[in-house]
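# Tertiary structure, described
Listed below, chain by chain, are the residues.
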Amino acid sequence: MSWFKFGFGKKKQKDEAPSEVPALDAPEPAAEPEAPAEAPVIAAVDAAPEALDEARPAEPAPASADADDVLEARAEAVIDDNAPSPEDIAETPAQASGIEDLAETLAQPETVDPVTEEAPPAPEPQPAPEEEKKGFFARLAAGLKKSSSRLSDGLSAMFTQRKLDQAALDELEELLIAADIGAATAAKVIDRLAKDRFDKDVSDIEIREALADVVAETLQPYEQPLDMTGDAPRVVLFVGVNGSGKTTTLGKIAVKMTREGAGVITAAGDTFRAAAVEQLQVWSERAGATFMSRDLGADAAGLAYDAIQQGRTDQADAVLIDTAGRLQNKAELMDELRKIVRVIKKMDETAPHHVLLVLDGTVGSNAISQAEAFMEASHVTGVIMTKLDGTAKGGALVQVAERFKLPIHFIGVGEGEADLQAFKAKEFARALAGLEA
């Protein structure tokens, strides 16, 4: 799954490259069979002549014999003296059994001693990607239940054994607008149905399929990863109203970035809430990111300046800056956000490279007014919608994308890091329409 678009993904591949498998120790040679009775005799023959002289008294050799003949004569005498008797050669039952066991052992293929060689540890089982995908889609569908169930109930009542006439189209358009789909998207759905199914029997499933197709086509151009290419550090500013999930979202993105091999600095720019500072510190420790903060009530713009300076010193890849939650109708708070942006631009005129608006999925059409205010104050470049795991009204995301033409990078369906997923238009559209993936 593509989370980001950036050039430092190779760091992780290098750092996490599996080490070379150590060479296996050579197996110990199998024990040689016990030497037969003649072995001591042969060993004695191989011994130095001086040893033979001590075993037997010296015999006068013929004057004409050379040294080799003398040694051969002595060896034959030693063999005769030590030759086993017929009774000694006869096999006992125990000896026969031992020879059979030895022959069976030698016939078996050679194996490595399990005591001397440690088998490599078995890899930890990984969940199947399909199961993870279904799990996320199920949570997304459950989160969008407020919108999809309203549609389902209305469509079931409206299109039970009924033709798609003009009155039905008008009722359907009102139903879609009430489900936070927006007037523009609702009009597209009506046009498509009127063209293909007008004055024909139509089922609620056909209506849902048409809705899913239109929503997917509308959102597909805005399905974009977070582009982190360019000169480092890339500065990302997180904005949004109180309770939208900015701090948690920033922390989850920091975790995903460090897992991709990025060097990340996080700045706790919400200097009004101690809980926000502590929350971001926990996420930063989890991510292995450098965490920066100031005293409560301190100037958030000054902290942003310090964070970018630290990012240059550390040669970090990304600086993620949190901001205080603020209502879009509070002029003084929006002015402070503008100040943060001005200070960042003094450090780098191309920064902030991303201003991410974090929207609460439960606010419905109120997301439009929020987006308008933050677009003016901080020039929002992308959208993240969170809290789609509750009774969400996610249809508003369609309206925001259509009106402001903003990329949608992520959607969230829970509190865990894995619950923040890259936005997929088709999956979102089918969940919104109450259809299976």
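These numbers were taken from a predicted model, which means no experiment stands behind them. (Residues numbered from 1 in each chain as written. Predicted model: local features only at pLDDT ≥ 70, side-chain atom pairs only at ≥ 80, totals over all residues. Heavy atoms only, no water.)

## Overview of the overall build of the chain
The test is simple: To qualify as a helix, a DSSP run of H or I must reach at least 4 residues; to qualify as a strand, a run of E must reach at least 2; elements of each kind are numbered from the N terminus. Buried means the residue's accessible area, taken with a 1.4 Å probe over protein chains only, is under 20% of the maximum for its type, while exposed means over 50%, and partly exposed covers the values in between. For every accessible area listed, the method is Shrake-Rupley and the probe measures 1.4 Å; residues are considered covered only by the protein chains on display.
When its secondary structure is counted, the chain shows 18 helices and ten strands. For the chain, with 437 residues in total, the buried portion stands at 41%. By element, 52% of the accessible surface of the chain is carried by carbon and sulfur atoms, the whole surface being about 23,900 Å².

## Considering the sheet that holds strand 9 (residues 408-412)
The following threshold applies: In this scheme, strands are said to pair when DSSP sees at least two bridges between them. Think of each axis as a best-fit line through the C-alpha atoms, taken over the contacting stretch in the case of a helix, with angles from 0 to 180 degrees between the N-to-C directions. It only takes one pair of heavy atoms within 4.5 Å for two residues to be counted as in contact.
Strand order in this open sheet of eight strands is 5-4-6-3-7-8-9-10, and the pairing throughout is mixed. Two strands close off the open sheet at either side, each with one partner strand: strand 5 (290-292) and strand 10 (420-422). On average, each strand axis in the sheet is tilted by 20 degrees relative to the strand beside it, whichever way the strands run. The pairing of strand 3 (residues 234-239) with strand 6 (residues 318-321) spans four bridges and is parallel. Paired with Val235 across the two strands is Val319, which belongs to strand 6. Most of the contacts of helix 12 (residues 246-259) go to strand 6, to which it runs at about 165 degrees, and overall it touches strand 3, strand 4 (264-267), strand 6, strand 7 (354-360), strand 8 (382-386), strand 9 and strand 10. Of the strands in this sheet, strand 3, strand 4, strand 5 and strand 6 are in contact with helix 14 (residues 300-314), which crosses strand 4 at around 170 degrees.

## Focus on the environment of His353
The condition that has to hold: Here a polar contact is recorded for every N or O atom pair within 3.5 Å, except that within protein the pair must consist of a potential hydrogen donor and a potential acceptor, and residues adjacent in sequence are included only if both atoms are side-chain atoms.
Note that His353 resides in the loop between helix 15 (331-347) and strand 7. On the accessibility criterion, His353 (13% relative accessible area) is buried. Measuring from C-alpha to C-alpha, the distance between His353 and Arg234 comes to 6.2 Å, with 119 residues separating the pair along the chain. The residues contacting His353, other than those within four sequence positions of it, are Pro233, Arg234, Val235 and Asp348. Engagement of the side chain of His353 in a polar contact is seen with the side chain of Arg234, the distance being 3.5 Å. A distance of 3.5 Å separates polar atoms of two side chains, one belonging to His353 and the other to Asp348.

## Quick look at the pairing of strand 7
Along a regular strand, successive side chains alternate from one face of the sheet to the other. Note the following rule: Classification remark: right-handed applies to a crossover when, strands pointing away from the viewer, the course from the first strand over the helix to the second runs clockwise.
For strand 7, the buried fraction is high: seven of the seven residues fall into the buried class. Residue alternation in strand 7 divides its side chains into two sets, His354, Leu356, Val358 and Asp360 and Val355, Leu357 and Leu359, and both sets are buried. Judged from the five bridges that link them, strand 7 and strand 8 form a sheet pairing that is parallel. Within strand 8, the residue paired with Val358 across the bridge is Ile384. Read from strand 7 through helix 16 (residues 366-378) to strand 8, the crossover connection turns out right-handed.

## Considerations on helix 9 (residues 166-178)
What counts here: Residue count minus one, scaled by 1.5 Å, sets the expected span of a helix. Note: the arc covers the axis-to-C-beta directions of the helix.
Under the 1.5 Å per step criterion, the end-to-end length of helix 9 is 19 Å for 13 residues, consistent within 8% with the ideal 18 Å. Three or more residues of helix 9 are buried, namely Ala168, Leu169, Leu172, Leu175 and Leu176. All buried residues of helix 9 fall inside an arc of 125 degrees around its axis, so they share one side. In the stretch just after helix 9, Asp180 is the one whose phi turns positive, near 70 degrees.

## Here we look at unusual backbone geometry
Note the cis peptide between Ala232 and Pro233, where omega equals 0 degrees. If you trace the backbone, Pro233 turns up in the loop between strand 2 (226-227) and strand 3. In the segment running from Ala351 into Pro352, the intervening peptide bond is cis, with an omega of -5 degrees. Note that Pro352 resides in the loop between helix 15 and strand 7.

## Some points on the environment of Phe291
Counting through the fold element by element, Phe291 comes out in strand 5. In this structure, the C-alpha to C-alpha distance between Phe291 and Ile265, residues 26 residues apart in sequence, is 6.0 Å.

## A word on the pattern of salt bridges
Selection criterion: Here a salt bridge means any side-chain nitrogen of Lys or Arg lying within 4 Å of a carboxyl oxygen belonging to Asp or Glu.
Following the criterion strictly, the structure yields 13 salt bridges and no others. Residue Asp270 pairs with Arg273 through a salt bridge whose shortest N-O separation is 3.1 Å. According to the relative accessible area criterion, Arg273 is partly exposed, its value standing at 40%. What emerges from the salt-bridge pattern is a single network uniting Lys256, Arg259 and Glu417.

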